[in-house]
Amino acid sequence: MKIVFKRVIAYMIDFLIVSALSTMITSNSYINKDYKNYINTYEEYETFYEEYEENEEALEEALEYEAITEEEYETKLEELNSSFDDKNIDYNYKLIKLSIVSTIISILVILLYFVVIQYYFKGQTLGKWIMKLRIVSNSDKKLNILNYLIRSLILNSVLVNILSIIFVLALSKDGYLIYNEISYIITNIIEMSIVFMMFFDKKNRGLHDYLSNTHVVWEGEENEV
């Protein structure tokens, strides 16, 4: 098994651990005052979405049984989609604002796990320890906590999440939605770059490895893989 696949497995283990910890903390209403409002709003959104699907199916059935013409169907469907788009945007924006505390908690958990713990355990998380992997310097310099921070900012989308919090607080709804679309594209480009580089780089280094001057070795062999 190539080291890149070991890294993917290790990351999945670490992701599950971080997700479980974040969920446990964010679902505590004493810590996260917006949690109940978020759940209620999300349930409202689910009901709204189900109603939209039911109305869409009703229109399709009406067309199928010739209760309405093709032209009427197109007009009603356009009106339905237009109404859905507006409310869908409002719900998503409201959910994003209600998840600010949850996002902050997730960022703190990620930094604790992937930066602080990984630094003190000399380049290993639980996932990396299970897969016998370790982060090491790509030069002779000793890794410091900044190296791990840079890795996490890129690999774990910490920087993107921090910027999202800043912009959702600073911008109007329309301004934030424009930023969100740009952020989505940039995030996808970064993720694809990381995967591509890890598969084709000689040391399987991703973008986060290059920026933090690190690479990952497998301790199951004497030599680096």
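Residues numbered from 1 in each chain as written. Predicted model: local features only at pLDDT ≥ 70, side-chain atom pairs only at ≥ 80, totals over all residues. Heavy atoms only, no water.

Student: Hey, could you run me through the pairing of strand S1 (residues 133-137) in this one?
Tutor: The side chains of a regular strand alternate between both faces of the sheet. When you tally the buried positions in S1, you get 4 out of 5 residues, the bulk of the element. As defined by bridge partners, S1 adjoins strand S2 (residues 214-218) across 5 bridges and the pair is classed as antiparallel. Its bridge partner lying in S2, Leu133 is registered against Trp218. (Buried < 20%, exposed > 50% of the residue type's maximum accessible area, 1.4 Å probe, protein only. Helix = DSSP H or I, 4+ residues; strand = E, 2+ residues; numbered from the N terminus. Pairing = 2+ DSSP bridges.)

Student: Help me out: how do you make sense of the nonpolar core in this one?
Tutor: A general tendency of soluble globular proteins is for nonpolar side chains to be buried together. Counting residues in each nonpolar core, the largest one holds 14 residues, and the members touching the most others are Val18, Ile110, Phe114, Val168 and Tyr176. Counting residues per element, the ones that place at least two in this core are helix H4 (100-120), helix H7 (158-170) and helix H8 (173-200). Apart from the residues lying within four places of it in its own chain, the contact partners of Tyr176 are Tyr93, Ile96, Ser164, Phe167, Val168 and Leu171. Counting 11 residues, the second largest nonpolar core, distinct from the first, contains Tyr52, Leu59, Ala62 and Ile68. (Core = buried A, V, L, I, M, F, W, Y, C linked by side-chain atoms within 4.5 Å. Contact = heavy atoms within 4.5 Å.)

Student: I'm lost on a nonpolar patch on the surface in this one. Help?
Tutor: Judged by side-chain polarity, Leu112, Val116, Tyr120, Phe121, Ile145, Leu146 and Leu149 come together as a nonpolar surface patch covering roughly 670 Å² of accessible area. You can see Phe121 is positioned in the loop between H4 and helix H5 (126-130). (Patch = residues over 30% accessible without salt bridge, like charges linked within 9 Å, V, L, I, M, F, W, Y side chains within 5 Å. Areas by Shrake-Rupley, 256 points an atom, 1.4 Å probe, with all protein chains shown as cover. Salt bridge = Lys/Arg side-chain N within 4 Å of Asp/Glu carboxyl O.)

Student: Looking at this structure, how should I read the pattern of salt bridges?
Tutor: Think of it this way: side chains of opposite charge can pair up when their charged atoms draw near. If you walk through the whole model with that rule in mind, you get 4 salt bridges. Note that Arg7 is salt-bridged to Asp209, the shortest N-O span being 2.9 Å. With Arg7 in helix H1 (residues 3-26) and Asp209 in helix H9 (residues 207-212), this residue pair connects regions lying 202 residues apart in the sequence. There is no split in this pair, since Arg7 and Asp209 are both buried. Residue Asp209 pairs with Arg151 through a salt bridge whose shortest N-O separation is 2.3 Å. Taken together, the residues span a long stretch of sequence, with Asp209 in helix H9 and Arg151 in helix H6 (residues 145-155) at a distance of 58 residues. According to the relative accessible area criterion, Asp209 is buried, its value standing at 0%. The class for Arg151 is buried, based on a relative accessible area of 5%. One network of salt bridges, in which partners are shared, links Arg7, Arg151 and Asp209.

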